[in-house]
Amino acid sequence: YPNATVISLERNAVKVAHHLKILKYLGVQNNAVCKKTTDDSIIYRNIYESPELFRFQLLPQNVLQEFISSSSVADWGLIVGTVLSSALTTFVHVPRAAQVSW
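Residues numbered from 1 in each chain as written. Predicted model: local features only at pLDDT ≥ 70, side-chain atom pairs only at ≥ 80, totals over all residues. Heavy atoms only, no water.

Attention now moves to the layout of surface pockets. Computed from the structure, the largest pocket encloses a volume of approximately 1,300 Å³. Lining the largest pocket are 31 residues, and of these Ile7, Ser8, Gln57, Leu58 and Leu59 lie nearest its centre. The element best represented in the lining of the largest pocket is strand E3 (residues 54-59), accounting for six residues. Split by residue class, the lining of the largest pocket holds 15 nonpolar, 10 polar and six charged. (1 Å grid on protein atoms, 1.4 Å probe; cavity = no way out; pocket = protein on both sides within 12 Å on 5 of 7 lines; lining within 4 Å. Points joined across faces, edges and corners; volume = space filled by probe spheres on them. Helix = DSSP H or I, 4+ residues; strand = E, 2+ residues; numbered from the N terminus. Nonpolar A, V, L, I, M, F, W, Y, C, P; charged D, E, K, R; others polar.)

Shown next, in the form of structure tokens:
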């Protein structure tokens, strides 16, 4: 996406360094790589409260994994709803049926 601004959020410093190394190798100059230092819910809330919308967003796999660790379905739904309303188009990783079926 050469005409887009890509914002990548990583929590791990090693992953940030690896991400930057790949971008440099590929000559990509439109990707801002940020190291997260706060809780994801704070980031989601700040993006949600912004008057701007993203054109596209790709949700990380951990959004579905947070369902397991959330205190209730309502809390998880609030986070997902907040994130989904932050872009015109959202791409969501959907696990294979075998991972979610019993």
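Structure's up, so let's keep going.
Glancing now at helix H1 (residues 13-26). The terminal C-alpha atoms of H1, which comprises 14 residues, lie 20 Å apart, in line with the 20 Å expected from a rise of 1.5 Å per residue. Listed as buried for H1 are Val16, His19 and Leu23. All buried residues of H1 lie within an arc of 65 degrees about the axis, which places them on one face of the element. What points out from H1, more than 90 degrees from its buried face, is the exposed set Val14, Lys21, Lys24 and Tyr25. Here the buried face of H1 lies against strand E1 (6-10) and strand E2 (31-35). The opening residue of H1, the one whose side-chain oxygen lies 2.6 Å from the backbone nitrogen of Val14, is Asn12. Among the residues trailing H1, Gly27 stands out with phi positive, at a value near 75 degrees. (Expected span 1.5 Å × (residues − 1). Buried < 20%, exposed > 50% of the residue type's maximum accessible area, 1.4 Å probe, protein only. Arc of directions from axis to C-beta. Contact = heavy atoms within 4.5 Å. Polar contact = N/O pair within 3.5 Å; in protein donor to acceptor, adjacent residues only side chain to side chain.)

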